[in-house]
Amino acid sequence: MEKMNTKRRIVLVPAPGQGHVTPMMQLGKLLDLKGFSITVVQGHFNQVSSSSQKFPGFQIVTIPESLQESEFERLGPIEFLLKLNKTSKASFKDCIGHLMVQHGNDIACIIYDEFMYFSEAAAKEFKLPSVVINTSSATNQACRTFLSKVNAEKFLANMEDPQAQDKVVENLHPLRYKELPVSDMGPVERVLDLCKDVVKERRAFAVIINTVSCLENSSLAWLDQELGIPVYPLGPLHITAPPPSSLREEDMSCIEWLNKQKPRSVIYISLGSVLSMKTKEVSEMALGLCDSNQPFLWVIRQGSEPLPEEVSKMVSEKGYIVKWAPQMEVLAHPAVGGFWSHCGWNSTLESVTEGVPMICRPFHGEQKLNAIYIESVWKIGIQIEGEVERGVVERAVKRLLVDEESASMRERALVLKEKVKASVRNGGSSYNALDEFVKYLEKVELSS
Ligand SMILES: O=c1ccn([C@@H]2O[C@H](COP(=O)(O)OP(=O)(O)O[C@H]3O[C@H](CO)[C@@H](O)[C@H](O)[C@H]3O)[C@@H](O)[C@H]2O)c(=O)[nH]1
């Protein structure tokens, strides 16, 4: 690696949750390979230290948490984030102060998850460049930027008007107003407050997005124009660097079970690291899955509501249940033919990268955006809307794995897979974006 005279340490600030920690650590690995030293700042309930073996050489420091983990349950995600950002500024400034002393001021930049915008106060105080990473899609970032500018009163009034709701959002085709990611996470006013805070507090020099230009070309072009700072689509980060240790223990026995199944016959079901379903919906799903006669591998996380006994018995006869799966290995397994997903962005990228078509059952606004892209833009999946009921589940599984249309969906998924894999190879769009980002860091650092 060439020796440079510029500052080479980068401080990373991930947000809590596997879906946020994973891409941040992978970005760290990429920058490590480019010759930077990495410091990760974690909170107590955002422990990444279990990953230290996979990321040798990373310095991991813990700041005192200004909020207890139990507050997340009590406040809900939106209020939690708004409060966390108000209460974490001082401890993070202290932390950066110590790091500056420890590393002889050798810090090139702070890269923070867009929800950890308290980081800006320290960046400003110590005159350090900052860069934001968005771990969800470019389309979601575009929506948030759009929402940060709307008049809350007018927007709320429009939400009552079906005609206004059906209109396509200017320059964000195919999204309609009713699909903007504002619902389900908390009162709309507070979601808008968070969007405004995220954008208002931001003084970053650049934005990194865990996406690929072939997946979201138009949203990326929109962001380029709107943000007025460089936007770097570096994804999918999970194929450019190894995953950090899972925050939960992976049950590897499911791979042995998959080894015994026919090629492309299994439907894999996972709702990510945060969501839980109600018992009624899970029971209907279980019945529909059993009726479909396709084998299934189902992640039911610890702490989920228990299934009624007779359903549980049937499920364990026809499928395989784990508390946490090695998801990337599962999706790459030849026996897996489809993925029933909540459409978290990481799961979406992981499925696209393996060419696995999806059944989309999104919960939150941002997941709904991903579902729209999967179903209507890339056309590699189907969405289940409304009540989950056993007949609907059975039909969806058959459409995805058995019916005629499954072949064309799979074909499109395989074409997309190749494009995405090419993007991280020498000369591909994400490969080039990373090179540009590194050059940019060196330039910004020299001029700051
Ligand atoms: O049994 C499992 C289940 C999940 N995973 C991994 O956990 C991650 C889950 O990430 P994601 O699919 O993005 O879901 P969430 O954990 O729900 O992620 C949150 O963060 C994402 C990125 O910002 C958002 O897109 C989501 O809506 C939000 O809920 C993925 O890397 C999976 O591979 C496993 O390894 N094993």
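Residues numbered from 1 in each chain as written. Predicted model: local features only at pLDDT ≥ 70, side-chain atom pairs only at ≥ 80, totals over all residues. Heavy atoms only, no water.

K.L.:
Explain the overall build of the protein chain to me, and be specific about the residues and the numbers.
P.N.:
Counting its regular elements, the protein chain contains 19 helices and 13 strands. For the protein chain, the spread of C-alpha atoms along the principal axes amounts to about 65 × 50 × 45 Å. Counting all 448 residues of the protein chain, 57% fall into the buried class. For the protein chain, contacts bridging at least 24 residues in sequence account for 71% of all contacts bridging at least 6. For the protein chain, the exposed surface amounts to about 19500 Å²; the carbon and sulfur share of it is 50%. Of the charged side chains in the protein chain, 50 are positive and 56 negative, and the gap between their average positions amounts to 3 Å. (Helix = DSSP H or I, 4+ residues; strand = E, 2+ residues; numbered from the N terminus. Buried < 20%, exposed > 50% of the residue type's maximum accessible area, 1.4 Å probe, protein only. Contact = heavy atoms within 4.5 Å. Areas by Shrake-Rupley, 256 points an atom, 1.4 Å probe, with all protein chains shown as cover. Lys, Arg positive; Asp, Glu negative; His and termini not counted. Charge placed at Lys NZ, Arg CZ, Asp CG, Glu CD.)

K.L.:
An account of the sheet that holds strand S9 (residues 296-299) is needed here, citing residue identities and associated values.
P.N.:
Taken in spatial order, the 6 strands of this open sheet run S10-S9-S8-S11-S12-S13, and their pairing is parallel. Each end of this open sheet is capped by a strand with a single partner; those strands are strand S10 (319-322) and strand S13 (381-383). Across the sheet, the mean angle separating the axes of adjacent strands is 15° when strand polarity is ignored. On the sheet, helix H12 (residues 279-292) packs against strand S8 (266-270), S9 and strand S11 (336-341) and is oriented at approximately 165° with respect to S9. (Pairing = 2+ DSSP bridges. Axes fitted to C-alpha atoms, helices over the stretch in contact; angles between N-to-C directions.)

K.L.:
I'd like a rundown of the packing of helix H5 (residues 138-147) against helix H16 (residues 365-377), residues and numbers included.
P.N.:
Relative to each other, H5 and H16 sit at 130°, their axes nearing to 9 Å. Taken together, the axes of H5 and H16 are oblique relative to one another. Judged by the sense of rotation from one axis to the other, the crossing of H5 with H16 is right-handed. For the pair H5 and H16, contact is made by Thr139, Asn140 and Cys143 and by Glu366, Leu369 and Tyr373, respectively. Grouping the constituent residues of the contact of H5 with H16 by class yields 3 nonpolar, 2 polar and 1 charged. (Parallel < 35°, antiparallel > 145°, perpendicular 65-115°, else oblique. Left-handed = near helix turned anticlockwise from the far one by under 90°. Nonpolar A, V, L, I, M, F, W, Y, C, P; charged D, E, K, R; others polar.)

K.L.:
Residues and numbers for the environment of Met252, please.
P.N.:
Along the polypeptide, Met252 turns up in the loop between helix H10 (237-240) and helix H11 (253-259). Its relative accessible area of 38% is what places Met252 among the partly exposed residues. With 215 residues separating them in the primary sequence, Met252 and Ser37 have C-alpha atoms 33 Å apart. Beyond its immediate chain neighbours, meaning those up to four positions away, Met252 contacts Pro326 and Glu329.

K.L.:
With reference to specific residues and values, describe the domain arrangement of the protein chain.
P.N.:
You can read the domains of the protein chain as domain 1 (9-235 + 424-447) and domain 2 (253-421). At the interface, 28 residues of domain 1 touch 22 residues of domain 2. Joining domain 1 to domain 2, the criterion identifies 0 salt bridges. When its residues are assigned to classes, the side of domain 1 that touches domain 2 shows 10 nonpolar, 14 polar and 4 charged. (Domains from an automatic or database assignment. Salt bridge = Lys/Arg side-chain N within 4 Å of Asp/Glu carboxyl O.)

K.L.:
Can you tell me about the side chain of Thr211, naming the residues and giving the values?
P.N.:
By secondary structure assignment, the location of Thr211 is in the loop between strand S6 (206-209) and helix H9 (217-227). Look at Thr211 and you get buried, because its relative accessible area is 0%.

K.L.:
Pulling in residues and values, what's your account of the packing of aromatic side chains?
P.N.:
Under the definition given, this model contains 10 aromatic pairs. Their ring planes at 45° and their centres at 5.1 Å tell us that Phe55 and Phe58 sit as a pair that is tilted. An identical accessibility class is assigned to Phe55 and Phe58; each is buried. Geometrically, the ring pair formed by Phe296 and Trp298 is edge-to-face, given 6.2 Å between the ring centres and 70° between the ring planes. (Phe/Tyr/Trp six-rings, centres within 6.5 Å; stacked < 30°, edge-to-face > 60°.)

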